[in-house]
Amino acid sequence: MWEKISQSILVNNFVLRGLVLAAIFLAIIFTYLETQEGNISFVYNNF
Amino acid sequence: MVRKIASYLGSLLIAILVTVGVLSAYSHWLDQQLALLEHKRVVLDNGNRTKDQGLYLLQRSVRQGDFILVGTSELSSPVPQNPKNIFPNQELSLPINMVGRAYKQSLLDGIMLGAIPASDNTKMAMVVSMQWFFGGDIDKKGTQSNFSEIQYYAFMHNDAIPTESKQYASERLAKLLSGEGQVGAACLYAKLHSSDNVINVLGRSVLYPFYEGKYQLLLLKDKYNAYKFLRDAEEIDYEVKNLDWQQEQSKATAMGKEKCTNNSLYVYDEYYDKYIVQDWEKLEDDMSKEKLLDSKETDDYKFFLNMAVINNYKPYMIFMSANGWYYDYRGITKNTRYKLYDWLEHETTAKGFSYLDTRAYEYEPYFYCDVMHLGWKGWLYVGENISKHFGK
């Protein structure tokens, strides 16, 4: 019985960990979508 | 122990699968939203970074057959004859998309063309300035501020572009982007693709997943930015102007006369006061050593022409001369300037493209509004010639 419960928690933790990690990845990526990286943010005009 | 490692790897796999799944669903949703906005007519002025340094909005213009006008700072000339007010007209009735800002020159324009193949009916004109050839090489800061990472990666992903051209662009970018942290990843990518030595090949293999992932994220970001822009931009009426070119020239002369009153160079008063009058003595012959044709811009221009050929563009090239009185004074003689115009015409003709030569107007009052930018009469003349060229 105890072994079954601990196994179940392990399985749940393993899935939960994956989901938490995915949430972190997505938070980083959606923040990135709002940033200016990729194009320099300053405007240069020397004329 | 093994079980623990397997558990952590499993978590990572789940995280990756969920992330990729959510992003794919989001990308699909953006595609649907963009499809709904496909025919929304909006202003496509130059200087819009989402457009000029992105992919989606330029591809949209190519797909829809807009008239694409590529240039630099003259696109922002403060005259009513600015192309945004001349197009569409009775002879060229397509919506206009103006692309470019100061310092976006042949190298970056060539990369842009290499990233976005033309369609069968793409109509594109490009204004080339004499100032691009000053100083031996192009402006580093200016190039950095106009550089588009997504266009560069798309260019490098285009199988139609020969390896030598990719190496040429990468070698130039590796040098021009160096020292600027915001484009550090692209600079390293450029270095790794500038030649095929062992270290570069190895570096490319190791970093392939990173750059491929970054490219995919930039594509998603580009779609997201385009969606936001199209969603929020005001919808405009599509008005085709009916212009009497001769009558407009008379109006342009009158406008120029009104704006240029305090100098004999025929530049508008505010410009003369701000940029010329206080340095006038120092400017005499200060550019007499300028050769123009020694500039690396000449190789970049050849690169641009090659990219146009490879990606099926047939650009109409506008060779913008300059204010003759001003550059005579600074020591860039008519002879030096004409050598450049001759060279541009030779290279352009060799690729089978048409061009507009404006050297005859270097001493025409009000053709330029300042020392280098097309003005009241200049933009009208260029606009008329573009219209007639594509309206044939």
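Because the structure is a prediction, the values reported are computed rather than measured.

**Things to note about the overall build of chain A**
Alright, step 1. Across its full length, chain A carries 1 helix and 0 strands.
Alright, step 2. Looking at chain A as a whole, 19% of its 47 residues are labelled buried.

**A word on the packing of helix α9 (residues 184–192) of chain B against helix α10 (residues 198–232) of chain B**
All names here are of chain B.
Alright, step 1. Interhelical geometry of α9 versus α10 gives an angle of 140° and a closest axis separation of 10 Å. As α9 packs across α10, the resulting crossing turns out to be left-handed. Across the interface between the two elements, Ala 185, Leu 188, Tyr 189, Lys 191 and Leu 192 of α9 pack against Asn 200, Gly 203, Arg 204, Leu 207, Phe 210, Tyr 211 and Lys 214 of α10.
Alright, step 2. Tallied by class, residues from the contact of α9 with α10 come to 7 nonpolar, 2 polar and 3 charged.

**Let's talk about helix α11 (residues 245–259) of chain B**
All names here are of chain B.
Alright, step 1. Compared with an ideal rise of 1.5 Å per residue, which puts 15 residues at 21 Å, α11 spans 21 Å between its outermost C-alpha atoms and is within 8% of the ideal.
Alright, step 2. For α11, the full list of buried residues reads Trp 245, Glu 248, Gln 249, Ala 252 and Gly 256. Taken down its axis, α11 places every buried residue within 105° of arc, on the same side. For α11, the exposed residues lying more than 90 degrees away from the buried face are Gln 246, Lys 257 and Glu 258.
Alright, step 3. Against α4 (83–86) and α17 (376–391) lie the buried residues of α11.

**Things to note about the pattern of salt bridges**
Residues and elements named next belong to chain B.
Alright, step 1. Counted according to the given criterion, the structure contains 23 salt bridges over all chains.
Alright, step 2. The residue Glu 345 makes a salt bridge to Arg 359 at a minimum N-O spacing of 3.2 Å. With Glu 345 in helix α16 (residues 334–350) and Arg 359 in the loop between β5 (355–357) and α17, this pair connects stretches of sequence that are 14 residues apart.
Alright, step 3. Of the charged contacts in the structure, one is a salt bridge between Glu 364 and Lys 377, with a shortest N-O distance of 2.8 Å. In this pair, Glu 364 is assigned in the loop between β5 and α17 and Lys 377 in helix α17, connecting sequence segments 13 residues apart.
Alright, step 4. With relative accessibility at 14%, the residue Lys 377 sits in the buried group.
Alright, step 5. Where salt bridges share partners, they join Asp 137, Arg 172, Lys 175 and Asp 300 into one cluster.

**Considerations on the packing of aromatic side chains**
For any pair of aromatic rings, the description consists of the separation of the ring centres together with the inter-plane angle of the planes.
Residues and elements named next belong to chain B.
Alright, step 1. All chains considered together, the criterion is met by 35 aromatic pairs over all chains.
Alright, step 2. Centroid distance Trp 29 to Tyr 227: 5.5 Å. Interplanar angle 75°. Geometry classified as edge-to-face. Here the residue Trp 29 occupies a position in helix α1 (residues 2–36), and Tyr 227 occupies one in helix α10, the gap between them amounting to 198 residues.
Alright, step 3. Owing to a relative accessible area of 37%, Trp 29 belongs among the partly exposed residues under this scheme.

How each quantity is defined
Residues numbered from 1 in each chain as written. Chains lettered and ligands numbered in written order. Predicted model: local features only at pLDDT ≥ 70, side-chain atom pairs only at ≥ 80, totals over all residues. Heavy atoms only, no water. Helix = DSSP H or I, 4+ residues; strand = E, 2+ residues; numbered from the N terminus. Buried < 20%, exposed > 50% of the residue type's maximum accessible area, 1.4 Å probe, protein only. Axes fitted to C-alpha atoms, helices over the stretch in contact; angles between N-to-C directions. Left-handed = near helix turned anticlockwise from the far one by under 90°. Contact = heavy atoms within 4.5 Å. Nonpolar A, V, L, I, M, F, W, Y, C, P; charged D, E, K, R; others polar. Expected span 1.5 Å × (residues − 1). Arc of directions from axis to C-beta. Salt bridge = Lys/Arg side-chain N within 4 Å of Asp/Glu carboxyl O. Phe/Tyr/Trp six-rings, centres within 6.5 Å; stacked < 30°, edge-to-face > 60°.

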